[in-house]
Amino acid sequence: MRQITLAKAVNEAIAEEMRRDPTIFLMGEDVAEAGTPFKVLSGLVEEFGRERIIDTPISEPGFMGIAVGAAMTGSRPIVDLMFGDFLFLVMDQLCNQAAKTHYMSGGKLKAPLVLRTNLGATRRSAAQHSQSLHGLLAHIPGLKIALPSSAYEAKGLMKTAIRDDNPVVIFEDKLMYNDKAPVPEEEYLIPFGVANILREGRDITLIATSSMVQVAQKAAEMLAAESGISAEVIDPRTIVPLDEETILKSVRKTGRAIVIDEGHQSFGVTAEIASRINEKAFYYLDAPVQRIGAMDVPVPFSPVLEDLTVPTPQIVVERARRSVKGELFDAA
Amino acid sequence: MPREVIMPALGMAQTTGLIVAWLKKPGEAVKTGDALMEVETDKAVMEVEAQADGFLTDVRVAAGDAAPVGDVVALISDSPAGSGAAPAPRPADAARAPSDAPASAAQTAPTPTPAERRAVKPAAEPERETTGGRIFASPKARRLAAEQGLDLSRLVAAGAPQPYHVSDLETLRALPAASAVSAPQTTSASRRLTARVGADAFQGFLEWMRAETGAAPDATSVMAGMAAAALRQGASDDPLIVAAEAFGQSRLYADPDRPGLGRAKAAESGQAPFLILRDLRGTGITAVWMGVEAVPVLSVTRDGPDMLVTLECAPGQLKPEAAIDLISGFAGQLAEPLRHLL
């Protein structure tokens, strides 16, 4: 099968959907000729023209509001938010308007829009361009949150997001745009709320999102090679909706779990998933559920410090080993 | 009475431990928590603490020697002279120095025979008393112990370090007393009766109690009261001890049907119960077939919207009509809890 980059996979997904449905248009900063700073959208303006690939001023609240209105009146907008950190600028349009339109209109209106943005640290972009804010949005009912972990996932999830009648926020990891993966030529969609078991295991379940799936995969390889520990790796793909059943089934089998996500650890995605495991698989747990998130600090600009704030395979391996050995225990 | 010092399981796959050094001399006073000996496993040398107050005596395994996990390596006695008869003068102590040959038979504490152990087993409470309070174990280990009728307090007594995980249950199963207790008894003839009742009434009753008292009632204790009342039915006013087990923890109640449901008082430890109530509703178990134990056992399990009550006993423990009265009385109270108040 051919291998393409994650950037190319997203580009293909949007182009295919725009060819299929003329109500789809895309807008954001530097999306047309520039094709975004990550060159994800290169070539789209040439094919679809300036009417459907729209460069906006630096005015996130403005173009997000336009998108909500367009979605309510029959279009299917895709909004490109250059950095996930800029979500704070569009909170009202996204969380108070788009997320609640369907509910507050008694089902008469809907807001079928896609907000594509990014997450992830270690790009040396400093504290205001390195955050992973998906957990913040997952807290708001009415939004769906997709976290692709490879080029294959990115294409299939983007096409599903565009066809969904609800507002969907899709976070790509900004360090993965050049990562290649096998992506079929023929069309496919990946349904929301169906987790992917990337590796089967016996001793411990690693639940990981976005680029942390790579971290978990690497950790699982190291655990198998160095300690003979068999780890199962699960990518939920979407955290809203969350495929609880697949996670619980796995934890009931292994009796141990570590949840890995690049959002800040406190009050985040790891906390939510760990809590559901505790509530629904308690009597199957042979060790406390572990969380590994990003450190609760602004992402440092210093490369040395920045690298210390995010989960790594070594941290996962260490925690998994201690968990399987029965060492990790806080009785106090 | 001397307490045994047992070679603990310090590692998951450990079968023996090497005593690197004794940190107390024979005859020396020890307190609970004192470092008693250094034990080397495949990974590390660890200090093992004393589990009781007294005097270190009857050292059976010398420093430099290994002993199987679970073996008695020494005793902690009430007198410096150990389990032997009269206090011995110091020279006698020297003869028992760790570097010397294993202690003579006269100095060895009498090990309980299987029969003695059996008699003590249902009242396993004293062992837990000495280790104090809550046992730390994973939820899965606790559930499996409950499902398989294993008593985690025996791991505590054997000196296995907490917390316990599923892997520790193997050590528990391998402890010698377990087979001595269960093997000869499970083979004997038994009575087994089951009853099915809807779970709603009992659940509703608990909620009513919560509303009345402002605190969530202890369901197992409430059931212990009902079981005691059913056992007592029309019979004696003799004190009635019920052992209630839930999630691998065992509690002993004296006359739990008397002070009002949910307010049962703990019995003095060491008393043998007349009945064991095993609350297995929090587990996935639906059917129980454990065989005869030292006293009649009432097990309660969940089966969909219903609760299943199973009574198991030896023919010598309850006559047929008494067994029928007990289970039907208990099931009747679960189905209509207000009957208990009458």
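Residues numbered from 1 in each chain as written. Chains lettered and ligands numbered in written order. Predicted model: local features only at pLDDT ≥ 70, side-chain atom pairs only at ≥ 80, totals over all residues. Heavy atoms only, no water.

> What is the right way to look at the overall build of chain B in this model?
When its secondary structure is counted, chain B shows 10 helices and 15 strands. Sorting the 342 residues of chain B into buried and exposed places 46% on the buried side. Expressed as a percentage of contacts within chain B between residues at least 6 apart in sequence, the contacts between residues at least 24 apart total 59%. When the accessible surface of chain B is totalled, it reaches about 15900 Å², and 55% of it is carbon and sulfur. (Helix = DSSP H or I, 4+ residues; strand = E, 2+ residues; numbered from the N terminus. Buried < 20%, exposed > 50% of the residue type's maximum accessible area, 1.4 Å probe, protein only. Contact = heavy atoms within 4.5 Å. Areas by Shrake-Rupley, 256 points an atom, 1.4 Å probe, with all protein chains shown as cover.)

> Even after reading the chapter, I still don't get the interface of chain A and chain B, so can you show me in this structure?
In many reports, interface size means the accessible area that the parts give up when they come together. Each partner contributes to the interface: chain A provides 14 residues, whereas chain B provides 12 residues. Where chain A touches chain B, the interface holds 0 salt bridges. Our count for the chain A to chain B interface comes out at 4 residue pairs in polar contact (both at pLDDT 80 or more). Put simply, the parts of the chain that give the side of chain A that touches chain B at least two residues each are helix H8 (244–254) and helix H11 (313–325) of chain A. Considering only residue class, the side of chain A that touches chain B consists of 8 nonpolar, 2 polar and 4 charged. (Salt bridge = Lys/Arg side-chain N within 4 Å of Asp/Glu carboxyl O. Polar contact = N/O pair within 3.5 Å; in protein donor to acceptor, adjacent residues only side chain to side chain. Nonpolar A, V, L, I, M, F, W, Y, C, P; charged D, E, K, R; others polar.)

> I tried to follow the sheet that holds strand E2 (residues 24–28) of chain A on my own but got confused; where do I start?
Where strands meet in a sheet, backbone hydrogen bonds hold them as pairs that are either parallel or antiparallel. All names here are of chain A. In spatial order, the strands read E3-E2-E4-E5-E7-E6-E12; together these 7 strands make up an open sheet with mixed pairing. Of all the strands in the sheet, just strand E3 (53–55) and strand E12 (238–240) have a single pairing partner and so form its edges. Direction aside, the axes of adjacent strands within the sheet are offset by 20 degrees on average. Of the pairings in the sheet, the one linking strand E4 (residues 76–80) to strand E5 (residues 114–119) comprises 3 bridges and is parallel in character. When the sheet's bridge partners are listed, Ile 78 is paired in E5 with Val 114. Along the sheet, helix H3 (residues 60–72) makes contact with E2, E4 and E5, crossing E4 at roughly 165 degrees. (Pairing = 2+ DSSP bridges. Axes fitted to C-alpha atoms, helices over the stretch in contact; angles between N-to-C directions.)

> Hey, could you run me through the packing of aromatic side chains in this one?
The description of an aromatic ring pair rests on the distance of the ring centres and on the angle between the ring planes. Inspection of every chain in the model, using the stated rule, returns 6 aromatic pairs over all chains. Ring geometry for Phe 282 of chain A and Tyr 283 of chain A: centres 5.1 Å apart, planes at 85 degrees, overall edge-to-face. Exposure remark for Phe 282 of chain A: the relative accessible area of 38% places this residue in the partly exposed category. One aromatic cluster in this structure is built from Phe 38, Phe 83, Phe 86 and Tyr 177 of chain A. Seen from the ring of Tyr 284 of chain A, Arg 252 of chain A lies directly overhead, with NZ or CZ sitting 5.6 Å from the centre. In this structure, Arg 143 of chain B packs its charged tip against the face of Tyr 284 of chain A, placed 4.2 Å from the ring centre. (Phe/Tyr/Trp six-rings, centres within 6.5 Å; stacked < 30°, edge-to-face > 60°. Lys NZ or Arg CZ within 6 Å of the ring centre and 35° of its normal.)

> When you look at the side chain of Arg 116 of chain A in this model, what are you seeing that I'm missing?
Residue and element names in this part refer to chain A. Its place among the elements puts Arg 116 in strand E5. Residue Arg 116 is classed as buried on the basis of its relative accessible area of 3%. Separated by 3.4 Å, the side chains of Arg 116 and Tyr 177 make a polar contact.

> How do you make sense of the confidence of the model for chain B when you look at a structure like this?
The predicted coordinates of low-pLDDT regions are not to be read in fine detail. Residues and elements named next belong to chain B. Scored by pLDDT, chain B has a mean of 76; 78% of the residues are at 70 or more. A low-confidence stretch, residues 84–131 (pLDDT under 50), is modelled with 75 contacts involving residues beyond four sequence positions or located in other chains. This stretch, residues 178–188, has a pLDDT under 50; its non-local contacts, to residues over four places away or in other chains, come to 16 contacts. Interface scoring of the predicted complex returns ipTM 0.82; its pTM is 0.60. (pLDDT = per-residue confidence, 0-100.)

> Got a minute to help me understand the packing of H3 of chain A against helix H4 (residues 91–104) of chain A in this structure?
The relative placement of two packed helices comes down to the angle between their axes together with the axis-to-axis distance. Residue and element names in this part refer to chain A. Relative to each other, H3 and H4 sit at 5 degrees, their axes nearing to 10 Å. Here H3 lies roughly parallel to H4, going by the angle between them. On H4, the residues touching Pro 61, Met 64, Gly 65, Val 68 and Met 72 of H3 are Gln 93, Leu 94, Gln 97, Ala 98 and Thr 101. Taken together, the residues of the contact of H3 with H4 sort by class into 6 nonpolar, 4 polar and no charged. (Parallel < 35°, antiparallel > 145°, perpendicular 65-115°, else oblique.)

> Help me understand the pattern of salt bridges in this model?
Residue and element names in this part refer to chain A. Tallying each qualifying case throughout the model produces 40 salt bridges over all chains. Glu 47 is paired through a salt bridge with Arg 19; the nearest N and O atoms lie 2.7 Å apart. Here Arg 19 lies in helix H1 (residues 6–20) and Glu 47 lies in helix H2 (residues 44–48), a separation of 28 residues in the sequence. A salt bridge links Glu 187 to Lys 159; the shortest N-O distance between them is 2.7 Å. In this pair, Glu 187 is assigned in the loop between strand E8 (180–182) and strand E9 (196–199) and Lys 159 in helix H6 (residues 151–163), connecting sequence segments 28 residues apart. Through salt bridges with shared partners, a single network forms among Arg 2, Glu 12, Glu 16, Glu 17, Arg 20, Lys 155, Lys 159, Arg 163, Glu 185 and Glu 187.

> Just checking my understanding: could you explain a nonpolar patch on the surface for this structure?
All names here are of chain A. A grouping of Met 295, Val 297, Leu 305 and Leu 308 is seen on the molecular surface, where their side chains present a nonpolar patch of about 350 Å² in accessible area. Relative to the elements of secondary structure, Leu 308 occurs in helix H10 (residues 303–308). Taking the relative accessible area as the measure of exposure, Leu 308 reaches 55% and is therefore exposed. (Patch = residues over 30% accessible without salt bridge, like charges linked within 9 Å, V, L, I, M, F, W, Y side chains within 5 Å.)

> Whenever I open this one, helix H8 (residues 200–213) of chain B confuses me. Can you help?
Residue pairs three or four apart in sequence face the same way in an α-helix, which turns once every 3.6 residues. Residues and elements named next belong to chain B. Taking 1.5 Å per residue, 14 residues should reach 20 Å; H8 reaches 20 Å between its end C-alpha atoms and fits that length. Along its buried surface, H8 packs onto helix H9 (219–232), strand E15 (306–313) and helix H10 (320–335). Gly 214, located one to two residues past H8, shows a positive phi value of around 80 degrees. (Expected span 1.5 Å × (residues − 1).)

> What should I look at first to understand the nonpolar core in this one?
In terms of nonpolar packing, the biggest core is built from 86 residues, with Ile 14, Ile 53, Leu 87, Leu 94, Leu 137 and Ile 277 of chain A touching the most fellow members. Here the element with the most residues in this core is H1 of chain A; it accounts for 8 residues. The residue makeup of this core includes at least three contributed by each of domain 1 (3–182) and domain 2 (196–325) of chain A. Those residues within four positions of Ile 53 of chain A in sequence are excluded, and the remaining contacts are Met 18, Leu 26, Val 31, Ala 32, Leu 44, Val 45 and Phe 48 of chain A. Listed in part, the 36 residues of the second largest apolar core include Phe 202, Ala 230, Leu 318 and Leu 334 of chain B. (Core = buried A, V, L, I, M, F, W, Y, C linked by side-chain atoms within 4.5 Å. Domains from an automatic or database assignment.)

> Sorry if this is basic, but what is going on with the side chain of Asp 255 of chain B here?
Residues and elements named next belong to chain B. Position of Asp 255 among the secondary structure elements: in the loop between strand E11 (249–254) and strand E12 (265–266). By relative accessible area, which is 18% here, Asp 255 ends up buried. Among the polar contacts made by the side chain of Asp 255, one reaches the main-chain amide nitrogen of Leu 240 at a distance of 2.6 Å.

> I'm lost on the packing of H9 of chain B against H10 of chain B in this one. Help?
Residues and elements named next belong to chain B. With their axes 8 Å apart at the nearest point, H9 and H10 run at an angle of 140 degrees to one another. Classified by the angle between their axes, H9 and H10 sit oblique to one another. Relative to H10, the crossing made by H9 is right-handed. Along the contact surface, H9 presents Met 223, Met 226, Ala 227, Ala 229, Ala 230 and Leu 231, while H10 presents Leu 326, Gly 329, Phe 330, Gln 333 and Leu 334. (Left-handed = near helix turned anticlockwise from the far one by under 90°.)

> Just to check I follow, could you spell out the sheet that holds strand E4 (residues 35–40) of chain B for this structure?
Residue and element names in this part refer to chain B. Reading across the sheet, the 4 strands line up as E5-E4-E2-E7 and stay open at both edges, with antiparallel pairing between neighbours. One side of each edge strand has no neighbouring strand; the edge strands of this open sheet are strand E5 (45–49) and strand E7 (66–68). This sheet shows a mean twist of 40 degrees between the axes of neighbouring strands, independent of strand direction. Sheet topology note: the strand E2 (residues 16–22)/E4 ladder contains 4 bridges and is antiparallel. Bridge pairing in E4 links Trp 22 to Met 37.

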